[in-house]
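# Reading the structure
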Amino acid sequence: MSADGLIVVDKPGGMTSHDVVARIRRLARTRRVGHGGTLDPMATGVLVIGVGRATRLLTYVIGAGKSYAATVRLGQATVTDDAEGDVIATTAAGTVTDAAVRSAFAALTGEIDQVPSAVSAIKIDGQRAYKRVRDGESVELPARRVTVGRLDVLAIRRDTPDVVDVDIDVTCSSGTYIRALARDAGAALGVGGHLTALRRTAVGGFALAEAATLDELEQRAPEVVNLPLDAAAARFFPRRTADADEAKVLSHGGPLEPAGLAGPYAVFGPDGGLIAIVSERDGRARAEIVLAPA
């Protein structure tokens, strides 16, 4: 069975994130596998998978910033805001200038209030929004505040009559929908827009350069973990080292004296092993999750 840790997977198109988890369960020979942030079936790229005790780190991975390379098609709106949905409106976009395109995307940077795509995994009264849409319901989701730290227009292509394809590179907060950026840019230009390609290039500090394909993981199964638990925590969190007495207290869920570190942070024992993820509050350093072996 695989060791506890994280796997950075380069997800192929046509698979759900759950499909990838199911494959890793088989390869790692354990049921205890989860993912750190859904990618749509159409999307490819970085999907962080947790195995064993490292599944408890995934809540932090889900909240990390993300980076994407994407292509937006202006001139067509779809029911899903991406290429997987039916086209619901067509407006010739050939006369839209490059300057107008750049301006529309520039307006979507910084802190923005974004209405998620109706066909999303957000739950409404316990049921996923996409399920309600597929059942014929009309769904309106409230806007949420997200941050688009960077949105670079890399290329504007006019290879097909009446549509404009725009290649963009985006760095954003967790919870940002790239297909909603495509929809909103198209709406601002009056021609509609949807996402035709999406590749996630980074999640937090985990990037495509260290991602393995499923075929590569198949070759080395069951040793599929490429970031053991201790190394994964050291990569993702600020570090604090506890002495032997502190390690004993913390491994049983007890608090430590604060160290003045912005949390959450990882606490390691004298032997270098991960003990817990900790945050400081009310004058104490308290464990959010204890990860030392029982």
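Residues numbered from 1 in each chain as written. Predicted model: local features only at pLDDT ≥ 70, side-chain atom pairs only at ≥ 80, totals over all residues. Heavy atoms only, no water.

### Focus: the pairing of strand E18 (residues 284-290)
Short version of the rule: Any two strands between which DSSP finds at least two bridges are classified as paired. The way it works is that DSSP assigns letters per residue, a run of H or I at least four long becomes a helix, a run of E at least two long becomes a strand, and they are numbered from the N terminus.
Bridge count for strand E17 (residues 274-281) against E18 is six bridges, and the pairing is antiparallel. Within E18, the residue paired with Ile277 across the bridge is Ile289.

### Regarding the sheet that holds strand E16 (residues 265-268)
Defined as follows: For every element, the axis is a line fit to its C-alpha atoms; helices are fit only across the contacting stretch, and the angle between N-to-C directions ranges from 0 to 180 degrees. Residues count as neighbours in contact if any of their non-hydrogen atoms are within 4.5 Å of one another.
If you trace the four strands from one edge of the open sheet to the other, you get E15-E16-E17-E18, paired in mixed fashion. At either margin of the open sheet sits one strand with a lone partner, and together these are strand E15 (239-241) and E18. In this sheet, neighbouring strand axes are inclined to one another by 40° on average, regardless of whether the strands run parallel or antiparallel. Of the strand pairs in this sheet, E15 and E16 are connected by three bridges, and their pairing is parallel. Of the residues in E16, the one forming a bridge with Arg239 is Ala266. Contacts from helix H7 (residues 229-236) reach E15, E16 and E17, with the element oriented near 140° to E16.

### Points about the pattern of salt bridges
The criterion, for reference: Any carboxyl oxygen of Asp or Glu that lies within 4 Å of a side-chain nitrogen of Lys or Arg is treated as forming a salt bridge with it. Summary of the burial criterion: residues with accessible area below 20% of their type's maximum are buried, those above 50% are exposed, and those between are partly exposed, where the area comes from a 1.4 Å probe applied to protein chains only.
As enumerated under the stated definition, the model contains 18 salt bridges in all. Note that Arg199 is salt-bridged to Asp10, the shortest N-O span being 2.8 Å. Of this pair, Arg199 sits in strand E12 (residues 193-203) while Asp10 sits in strand E1 (residues 5-11); the two residues are 189 residues apart in sequence, bridging distant segments of the chain. On the basis of relative accessibility, which here comes to 16%, the residue Asp10 falls in the buried class. With a shortest N-O distance of 2.8 Å, Asp184 and Arg183 are connected by a salt bridge. Accessibility expressed as a relative area gives 24% for Asp184, which makes it partly exposed.

### Looking at the packing of aromatic side chains
Where we set the bar: Think of it this way: a Phe, Tyr or Trp ring, Trp meaning its six-membered ring, pairs with another when their centres are within 6.5 Å, and the plane angle makes it stacked under 30 degrees, edge-to-face over 60, tilted otherwise. We call a charge positioned above a ring when the Lys NZ or Arg CZ atom is no farther than 6 Å from the ring centre and deviates by at most 35 degrees from the ring normal.
Scanning all chains against the criterion turns up three aromatic pairs. Between the aromatic rings of Tyr60 and Phe237, the centroid separation amounts to 5.1 Å while the plane-to-plane angle is 85°, which identifies the pairing as edge-to-face. Here the residue Tyr60 occupies a position in helix H2 (residues 58-62), and Phe237 occupies one in the loop between H7 and E15, the gap between them amounting to 177 residues. Residue Phe237 is classed as buried on the basis of its relative accessible area of 8%. Seen from their ring centres, Phe236 and Phe237 are 5.3 Å apart, and the 70° between their planes marks the pair as edge-to-face. What links up through ring pairs into an aromatic cluster is the set Tyr60, Phe206, Phe236 and Phe237. Arg239 extends its terminal NZ or CZ atom over the ring of Phe268, reaching a point 3.9 Å from the ring centre.

### Quick notes on the environment of Arg286
Along the chain, Arg286 turns up in strand E18. By relative accessible area, which is 29% here, Arg286 ends up partly exposed. Separated by 280 residues in sequence, Arg286 and Leu6 place their C-alpha atoms 24 Å apart. If we skip the residues at most four places from it in the chain, Arg286 touches Pro255, Ile277, Val278, Ser279 and Arg281.

### Some points on helix H5 (residues 178-189)
Stated formally: Expected helix span is taken as 1.5 Å per residue step, with the number of steps being one fewer than the number of residues.
Along its 12 residues, H5 runs 17 Å from first to last C-alpha, staying within 8% of the 16 Å computed at 1.5 Å per residue. Across the 12 residues that make up H5, a large majority, nine, are buried. Within the sequence span of H5, burial applies to Ile178, Arg179, Ala180, Leu181, Ala182, Arg183, Ala185, Gly186 and Leu189. The elements touched by buried residues of H5 are strand E4 (66-74), helix H3 (98-106), strand E7 (110-114), strand E10 (144-157), strand E11 (164-172) and E12. Immediately beyond the C-terminal end of H5, within one or two residues, lies Gly190, with a positive phi of roughly 80°.

### Points about the environment of Pro255
Mapped onto the secondary structure, Pro255 falls in the loop between helix H8 (244-251) and E16. A residue is classified by how much of its surface remains accessible, and Pro255, at 30% relative accessible area, is partly exposed. The spatial distance from the C-alpha of Pro255 to the C-alpha of Gly34 is 29 Å, given a sequence separation of 221 residues. Beyond its immediate stretch of four places on either side in the chain, Pro255 contacts Val249, Arg284, Ala285 and Arg286.

Coordinates in, geometry out; function isn't part of it.
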